[in-house]
Amino acid sequence: MAKIKYKVLENKKVGTHSFYAVPVPHGTLSFDEVIREACQNTDITPSIMRAAVTEYMKAAQNNLLKGFRVPVGEEFLFLYPNLRASAKDELNQDGTVKKAATADMVVPSKLKTRLGCSVSSKYSDKFASEVSWQRVDPITGSEVEGTEDVTDGGGDTQGGELEG
């Protein structure tokens, strides 16, 4: 079972005591490192794998620009075009509506264009069943005494939404 370290930090932006957990990253792999690992135990050369992935991602980008949702791997990720825009009522100081928002107030010049990414619930379930978590001290990185490896146990494994 894979083990990922996490640390607990205090949210000092709120007046009450509030803590949250965050994973401790092991670093970032390069594209070439993942390509080499993907080619192990296969007859595929890293140059062929790199070329195939590069061409796939070009096709993905082209189809995102056409408005399609695009899979990245089978039962793994879906990329999709996304935007953020809203219009709110303009309020008086006493909280009453000064000017009501309308759909016409959501205009192209106010749109924030971005890509979204959702994780397949199948992969999320698999990840949750195969990972355990070990709490570490946020300063020293050493394991915190009295805590044990924690397995998710099948909690919230719905596909996650990511935006970039």
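Since this is a predicted model, take the numbers as computed values, not measurements.

**Q** Would you mind showing me how to read the packing of aromatic side chains here?
**A** For any pair of aromatic rings, geometry is given as the distance between the ring centres together with the angle between the planes. Summed over the entire model, instances satisfying the criterion amount to 3 aromatic pairs. Considering the side-chain rings of Tyr6 and Trp133, the 6.4 Å spacing of their centres and the 75° angle between planes classify their relative orientation as edge-to-face. Within this pair, whereas Tyr6 is found in strand 1 (residues 2-10), its partner Trp133 is found in strand 8 (residues 131-135), the two being separated by 127 residues in sequence. A relative accessible area of 16% places Tyr6 in the buried class. Residue classification places Trp133 among the partly exposed residues on the basis of a relative accessible area of 22%. In this structure an aromatic cluster arises from ring pairing among Phe76, Tyr123 and Phe127.

**Q** For this particular structure, what's the right way to read the nonpolar core?
**A** Across soluble globular proteins, you tend to see nonpolar side chains buried next to one another. Ala60, Leu64, Val70, Leu77, Leu79, Cys117 and Val119 form the largest nonpolar core, which has 7 residues in total. Residues contacting Leu77, with those up to four places away along its chain left out, are Val70, Pro71, Val72, Cys117, Ser118 and Val119.

The rules behind each value
Residues numbered from 1 in each chain as written. Predicted model: local features only at pLDDT ≥ 70, side-chain atom pairs only at ≥ 80, totals over all residues. Heavy atoms only, no water. Phe/Tyr/Trp six-rings, centres within 6.5 Å; stacked < 30°, edge-to-face > 60°. Helix = DSSP H or I, 4+ residues; strand = E, 2+ residues; numbered from the N terminus. Buried < 20%, exposed > 50% of the residue type's maximum accessible area, 1.4 Å probe, protein only. Core = buried A, V, L, I, M, F, W, Y, C linked by side-chain atoms within 4.5 Å. Contact = heavy atoms within 4.5 Å.

Honestly, it's all geometry; don't read function into it.
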